[in-house]
Every structure is written in structure tokens, then in C-alpha cells.
Amino acid sequence: GDSVTQMEGPVTLSEEAFLTINCTYTATGYPSLFWYVQYPGEGLQLLLKATKADDKGSNKGFEATYRKETTSFHLEKGSVQVSDSAVYFCALSEGDSGGGADGLTFGKGTHLIIQP
Amino acid sequence: DVKVTQSSRYLVKRTGEKVFLECVQDMDHENMFWYRQDPGLGLRLIYFSYDVKMKEKGDIPEGYSVSREKKERFSLILESASTNQTSMYLCASSSRAGDPQETQYFGPGTRLLVL
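Residues numbered from 1 in each chain as written. Chains lettered and ligands numbered in written order. Predicted model: local features only at pLDDT ≥ 70, side-chain atom pairs only at ≥ 80, totals over all residues. Heavy atoms only, no water.

Student: Quick one: what's the story with the overall build of chain B, residue by residue and with numbers?
Tutor: The secondary structure content of chain B amounts to zero helices and 11 strands. Listed by position from the N terminus, the elements making up chain B come as β-β-β-β-β-β-β-β-β-β-β. Against the globule reference of 13 Å for 115 residues, chain B gives a C-alpha radius of gyration of 14 Å, in line with a compact fold. For chain B, the spread of C-alpha atoms along the principal axes amounts to about 40 × 30 × 25 Å. For chain B, buried positions account for 50% of its 115 residues. For chain B, the share of sequence-separated contacts (at least 6 apart) that also reach a separation of at least 24 residues comes to 56%. (Helix = DSSP H or I, 4+ residues; strand = E, 2+ residues; numbered from the N terminus. Rg over C-alpha atoms; globule rule 2.2 N^0.38 Å. Buried < 20%, exposed > 50% of the residue type's maximum accessible area, 1.4 Å probe, protein only. Contact = heavy atoms within 4.5 Å.)

Student: Can you explain the overall build of chain A? Please cite residues and give values.
Tutor: When its secondary structure is counted, chain A shows zero helices and 12 strands. Counted from the first residue to the last, chain A has its helices and strands arranged as β-β-β-β-β-β-β-β-β-β-β-β. Across its three principal axes, chain A shows a C-alpha extent of roughly 40 × 30 × 20 Å. Within chain A, buried positions represent 47% of all 116 residues. Taking the contacts inside chain A whose residues are at least 6 apart along the sequence as the reference set, 58% of them involve residues at least 24 apart. Counting only carbon and sulfur atoms, one obtains 47% of the accessible surface of chain A, whose full area is about 5,200 Å². Here chain A carries 8 positive and 14 negative side-chain charges, and the mean point of each set is 3 Å from the other. (Areas by Shrake-Rupley, 256 points an atom, 1.4 Å probe, with all protein chains shown as cover. Lys, Arg positive; Asp, Glu negative; His and termini not counted. Charge placed at Lys NZ, Arg CZ, Asp CG, Glu CD.)

Student: Kindly report on the pairing of strand S7 (residues 65-70) of chain B, identifying the contributing residues and their values.
Tutor: Residues and elements named next belong to chain B. Pairing of S7 with strand S8 (residues 73-78) involves four bridges; the strand directions are antiparallel. The residue bridging Ser65 from the neighbouring strand is Ile77, located in S8. Hairpin connection, S7 to S8: the antiparallel pair is bridged by two residues. (Pairing = 2+ DSSP bridges.)

Student: Please set out the environment of Glu16 of chain A residue by residue, giving values where relevant.
Tutor: Residue and element names in this part refer to chain A. Mapped onto the secondary structure, Glu16 falls in the loop between strand S2 (11-14) and strand S3 (19-21). Look at Glu16 and you get exposed, because its relative accessible area is 61%. Sequence-wise, Glu16 and Pro31 are 15 residues apart; in three dimensions their C-alpha atoms are separated by 32 Å.

Student: Tell me about the side chain of Gln6 of chain B, and please be specific about residues and values.
Tutor: Residue and element names in this part refer to chain B. Relative to the helices and strands, Gln6 resides in strand S1 (residues 4-6). Residue classification places Gln6 among the buried positions, given a relative accessible area of 9%. Polar side-chain contacts of Gln6 include one of 3.0 Å to the backbone oxygen of Tyr89. Of the polar contacts made by the side chain of Gln6, one reaches the backbone nitrogen of Gly109; its length is 3.0 Å. Setting aside chain neighbours within four positions, we find Gln6 in contact with Glu22, Trp34, Tyr89, Leu90, Cys91, Gly107, Pro108, Gly109 and Thr110. (Polar contact = N/O pair within 3.5 Å; in protein donor to acceptor, adjacent residues only side chain to side chain.)

Student: Let's hear about the environment of Thr15 of chain B: which residues, and what values?
Tutor: Residues and elements named next belong to chain B. Structurally, Thr15 is set in the loop between strand S2 (10-13) and strand S3 (19-25). For the pair Thr15 and Leu115, spaced 100 residues apart in the sequence, the C-alpha separation amounts to 5.8 Å. If near-sequence neighbours (up to four positions away) are discounted, Thr15 is found in contact with Ala81, Ser82, Thr83, Val114 and Leu115. Among the polar contacts listed, one links the side chain of Thr15 to the backbone oxygen of Leu115, at a separation of 2.7 Å.

Student: Lay out a nonpolar patch on the surface with the relevant residues and their values.
Tutor: All names here are of chain B. Side chains of Val12, Leu113 and Leu115 sit close together on the surface and give an oily, nonpolar patch of about 270 Å² of accessible area. Note on placement: Leu115 falls in the segment after strand S11 (110-114). By relative accessible area, which is 48% here, Leu115 ends up partly exposed. (Patch = residues over 30% accessible without salt bridge, like charges linked within 9 Å, V, L, I, M, F, W, Y side chains within 5 Å. Salt bridge = Lys/Arg side-chain N within 4 Å of Asp/Glu carboxyl O.)

Purely geometric numbers; function is a separate question.
Below, the structure is given as C-alpha cells:
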């Protein structure tokens, strides 16, 4: 079956540091890939997505590129802020709808802590 | 803004009780989902629904059932709660397939403790 593997946390960084959170996946077809963020006490919010190989998703300074050859979708940000502290989930969807209509397969989540 | 609301933020129940978790969305979305979130396991799909009165099993449906009598409301039912169902439950909704901008919108979650 499908699976998503992301780096274990917590990841602790200083403000303005460069961030990378690794994500790799296993899927039978050509999935859509997502990063969701969960701030303390809140539900998940879509951060960015990519629906085909070589697509780059970006939002709020975060970026991730869909790499079919390495089955990866690593999340990056050039300069993190304290407000980026949250749990980040990598996810995939096998359907051809772009992800909204199908159940998502999630990684275990990475807790990011940014210190001032 | 899309709003997905869940009936309770925190719930404490006893083993063997029947538990209802309610989810309501206000965007006329066709699709609705129930996930559970556990530390070290991430989110796992329990059930989902593409339309009123329709339901599909997700990855971990055992011990759960669902009801979708109205388009805006999707209920998760624990027929006989057990301690291993202590978890955070997240509801989500999305518009129909074919819209490239669609995404799943999540509620704030219900933290259920079964004693």
C-alpha cells in the first residue's frame, strides 16, 4: 500500500535558520503530494501541494519540489521564524482529483520548534 | 472562509458507551472525511463519504461506523467505546473531484478519552 516517511522530530532551529524537512513516499501510481501544517490547538491547514513530477509548490516562504526519480517531496524554507513552530505533515493522494476528493495518506508528522 | 466545526473539543467517555462525534461544514462540500491522529502514527483515515447516505471504509474502520443523512453533516459513531479508541479525531471536507484547486479543509479536532 501507499506510505509516506518523514523525518522524526522534534526539529529545533534558531530563528532565521534554513529549514529542510525530508519526505519520501511509496505509491503504486502517480500521486499528488501535500504538506499540511498544524499549529498548536488547531486543525490541519494545507501549506502547499504539487500534482505532477517536477512541480514546485510554494506558500509563505516554504517550497517543495515533486521529485519522481527520488520519490521525494522535501519541505524547505530559507529563513524560519518563531511563528513557524508547528507540526508539519507530508501526505499523498493516489486519486486524479488533486487530493480533495480522496483520502490522504499521511506521514507521522515532524514537530518543528523555532527558538528566538 | 471555509468552516468545519466539530461538536466537542474534549470528550470523556467510559468503556462500552456509544459515542457520537459530529462534524458540520458550511461550504456545501460533497466529500467528508474522518481521521484519527495519534502520536508517532500521524493521521489515519477511518471513513469517508462522497455524498449523502454514501460511505466508504478508510484504512482503519474497525470499531467505527458513520452516518451522513445531510450533506453538511458527517457523524462518526463508536458503537462500544474502548480504551484503544482514545485519540484525537479530525474531520475534513472538500469539494468534488475535478477542481484543481480543491483541498481538504480540517476541523479543530475532538480529543476523546475513553476510561
